[in-house]
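Topology and contacts: notes
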Amino acid sequence: MTQADSEFLQRDRSIHPPAFTPDYKTSVLRSPRRAMLSLQSSLSEVTGPTFGHSELGPLDNDLILNYAREGEPIGERIFVHGHVRDENGRGIPHTLVEFWQANAGGRYRHRNDRYLAPIDPNFGGCGRTITDENGFYYFRTIKPGPYPWRNFLNSWRPAHIHFSVFGTGFAQRLITQMYFEGDPLIWRDPMVLGIPDRSAAERLIAPLDLGAAVPLDMLAYKFDIVLRGRQQTLFENKLQGN
Amino acid sequence: MVQPLPTRLQETPSQTAGPYVHIGLIPHQAGFDIFETNFTNVLAGPETKGERIRIEGRVFDGAGSLVRDAFIEIWQANAAGRYNHPADRQEGKPLDGTFRGWGRTGSDFDTGLWFFETVKPGPVEGRKGHRPMAPHINLWIAARGINIGLQTRLYFADEAEANADDPVLNLVERGPLRDSLLARREERDGTVVYVFDIYLQGPNETVFFDV
Ligand SMILES: [Fe+2]
């Protein structure tokens, strides 16, 4: 047993939105009400799927080009980068990071999205990458626009990019959203406000990172992601018998 | 004053996958084709060892309505009971190079049905000092209205003996709660199907795990 596959630390649920957040109306009927059953890690939780670079295409992390047809998509070109680490501060190498978003007008390329802003013929709105040996990832895209949604009558989502991350064990599986520094819609959003701890919610806001911008080409935003950590003990906490 | 504890990083908060989760994770269901390689709900290839099974189900909300935009992933051991992951060092259980043990899918937008084509997993060693875990498949459910992914396990109703010894099932009160984790076996035109419906809320609420 090595540190990288020991048991997970208990998840701190106080930094996550609870299941039931009535201002986000859809959660009302989709939130379990019974107490969850706490499980100590077994092999089923400390293991998880692995992915190889050969499964991804060369443009999978380039949303500016990965659906370009007769030209490039409309909107602000941006570079998004960061590290995926665990709560112990270790970079998580070779893990799959996926992202999806609306186009510059706030419209998704999805059969169920009927917002009146147009589809961009050159923008798909999704991509994926695998972190390097230090847990670093990056991609380039078009800055998504805010969009209205049916919650209250005048509800608008702040501009955001959805992220899906794996880590090394299936218990680390996480989906979240990245917001953009300075967006006045952030602190009016029931999904953001569903997070009980304001400083935790602030960690979903990516700062503008001028140092990583490409002059005369694109601005950059930095979004670091932290997945659950593992127990570190000098007395080995063996999961397996041998 | 006491000495401060060393600070750890804090996990990134979860946010709902939203109604358009399909775009990012299963773009075909969103209605377009973008990647050369797609991750799917078919886990077993022609060479994979083990009993072919289909697992399927639907997801229901607290009003008993179908959740037609749920996103589901599964993670499981191979037919020998071995996870395709370096942390699994069980002896005498070979890896199957054709089997990652992971897949993903979405509920059908009309019928609400989701399914996977896979092989039945073998039993997996339990925590040290505990009995082996009965064959099971780990499920992770995300959707619009779900603020943080839900973890549960699918066990096989026809594994009564192994289930009776399972260290996780035995933490669940016998009766409807424990039964919410059992998939029932059916045979349809020679295909073995295990049916596993998930109830997010209400009297039949599925047991979810804080893992
Ligand atoms: Fe969104």
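Everything discussed here concerns the structure shown above.
Described below are features of the structure shown in this document. Since the model is a prediction, treat every value here as computed from it, not as a measurement.

Rules used throughout
- Residues numbered from 1 in each chain as written.
- Chains lettered and ligands numbered in written order.
- Predicted model: local features only at pLDDT ≥ 70, side-chain atom pairs only at ≥ 80, totals over all residues.
- Heavy atoms only, no water.
- Donors = N, O, S within 2.8 Å, 3.2 Å for Na, K, Ca; no water.
- Tetrahedral: all angles 85-135°; square planar, octahedral: opposite > 155°, others 65-115°.
- Helix = DSSP H or I, 4+ residues; strand = E, 2+ residues; numbered from the N terminus.
- Buried < 20%, exposed > 50% of the residue type's maximum accessible area, 1.4 Å probe, protein only.
- Phe/Tyr/Trp six-rings, centres within 6.5 Å; stacked < 30°, edge-to-face > 60°.
- Lys NZ or Arg CZ within 6 Å of the ring centre and 35° of its normal.
- Core = buried A, V, L, I, M, F, W, Y, C linked by side-chain atoms within 4.5 Å.
- Pairing = 2+ DSSP bridges.
- Contact = heavy atoms within 4.5 Å.
- Polar contact = N/O pair within 3.5 Å; in protein donor to acceptor, adjacent residues only side chain to side chain.
- Buried area = accessible area lost by both parts, 1.4 Å probe.
- Salt bridge = Lys/Arg side-chain N within 4 Å of Asp/Glu carboxyl O.

All names here are of chain A. Only Y108 (OH), Y147 (OH), H160 (NE2) and H162 (NE2) from the protein coordinate the iron ion, and they sit 1.9 to 2.2 Å from it. Here the iron ion binds four donor atoms, and the angle range of 90 to 162 degrees at the metal identifies the geometry as irregular. Counting residues between consecutive donors of the iron ion along the chain gives the motif Y-x38-Y-x12-H-x1-H. Residue Y108 is located in the loop between β3 (96-100) and β4 (126-130), and its partner Y147 is located in strand β6 (residues 147-149); the two are separated by 39 residues in the primary sequence. For Y108, a relative accessible area of 0% translates into the label buried. By relative accessible area, Y147 is classed as buried at 8%.

The full count for this structure, using the stated rule, is 22 aromatic pairs over all chains. Taken together, a centroid distance of 6.4 Å and an interplanar angle of 25 degrees make the contact between A:Y137 and A:F139 stacked. The exposure class assigned to A:Y137 is buried, which follows from its relative accessible area of 1%. In this structure A:F139 comes out as buried when scored by relative accessible area, which is 0%. A ring pair is formed by A:F163 and A:F223, whose centres lie 5.0 Å apart and whose planes are at 55 degrees; its orientation type is tilted. Placement of the pair is A:F163 in strand β8 (residues 160-165) and A:F223 in the loop between β11 (219-222) and β12 (225-227), with a sequence separation of 60 residues. Through successive ring pairs, a cluster of aromatic residues spans A:F99, A:Y137, A:F139, A:F163 and A:F223. When the ring centre of B:F115 is taken as reference, the NZ or CZ atom of B:R54 above it lies at 4.0 Å.

Another point: the nonpolar core. Within the largest apolar cluster, 49 residues are counted, with the highest numbers of intra-cluster contacts made by A:W100 and B:I23. Ranked by residues supplied to this core, first place goes to helix α1 (residues 21-25) of chain B with three residues. A:I64, A:V84, A:A159 and A:I161 belong to the second-largest nonpolar core, a separate cluster that totals 35 residues.

Residue and element names in this part refer to chain A. One open sheet accounts for five strands, arranged β4-β3-β8-β9-β10; its pairing is mixed. Of all the strands in the sheet, the pair left with one neighbour each is β4 and β10 (205-206). Pairing of strand β9 (residues 174-180) with β10 involves two bridges; the strand directions are parallel. Following the sheet pairing, F180 is matched in β10 by A206.

Okay, the environment of B:R184 next. Residue and element names in this part refer to chain B. Within the secondary structure, R184 is located in strand β8 (residues 182-188). When residues no more than four places from it in sequence are discounted, the contact partners of R184 are A157, V193, Y194 and V195. Among the polar contacts made by the side chain of R184, one reaches the side chain of E186 at a distance of 3.1 Å.

Every contact between the two is made by 93 residues of chain A and, on the other side, 83 residues of chain B. Taken together, both faces of the contact between chain A and chain B bury some 8000 Å²; the carbon and sulfur share is 55%. In this assembly, chain A and chain B are joined by nine salt bridges. Here B:E73 and A:R173 are joined by a salt bridge, their closest N and O atoms 2.7 Å apart.

Our focus in this paragraph is unusual backbone geometry. The phi torsion of most residues other than glycine is negative, and most of the peptide bonds are trans. Even without a glycine there, the phi angle at A:H94 is positive, about 55 degrees. Tracing the chain through its elements places A:H94 in the loop between β2 (77-86) and β3.

Assignment of secondary structure puts B:T12 in the segment before α1. Taking the C-alpha atoms as reference, B:T12 lies 28 Å from B:G62; in sequence the two are 50 residues apart. Here B:T12 is in contact with A:H16, A:L174, A:T176, A:R203, A:L204, A:D224, A:I225 and A:V226, once residues within four sequence places are set aside. Reaching out from B:T12, the side chain makes a polar contact with the backbone nitrogen of A:V226 at a distance of 2.7 Å.

All names here are of chain B. Topologically, N78 is positioned in the loop between β3 (71-76) and β4 (102-106). Looking at N78, the relative accessible area reads 4%, which means it is buried. For N78, the side chain forms a polar contact with the main-chain nitrogen of A80, separated by 2.8 Å. Not counting the four nearest positions on each side in its chain, N78 is found in contact with P94, L95, D96, F99, K120, P121 and G122.

This paragraph deals with the pattern of salt bridges. Close approach of charged atoms allows side chains with opposite charge to pair. Applying the stated criterion to the full structure yields 31 salt bridges over all chains. The partner of A:D224 in a salt bridge is A:R85, with the nearest N and O atoms 3.9 Å apart. Placement of the pair is A:D224 in the loop between β11 and β12 and A:R85 in strand β2, with a sequence separation of 139 residues. When its relative accessible area of 27% is taken as the criterion, A:D224 is described as partly exposed. Residue B:R8 is joined to A:E87 by a salt bridge in which the shortest nitrogen-to-oxygen separation is 3.7 Å. In this pair, B:R8 is assigned in the segment before α1 and A:E87 in the loop between β2 and β3, connecting two distinct chains. Note on A:E87: relative accessible area 5%, which makes it buried.

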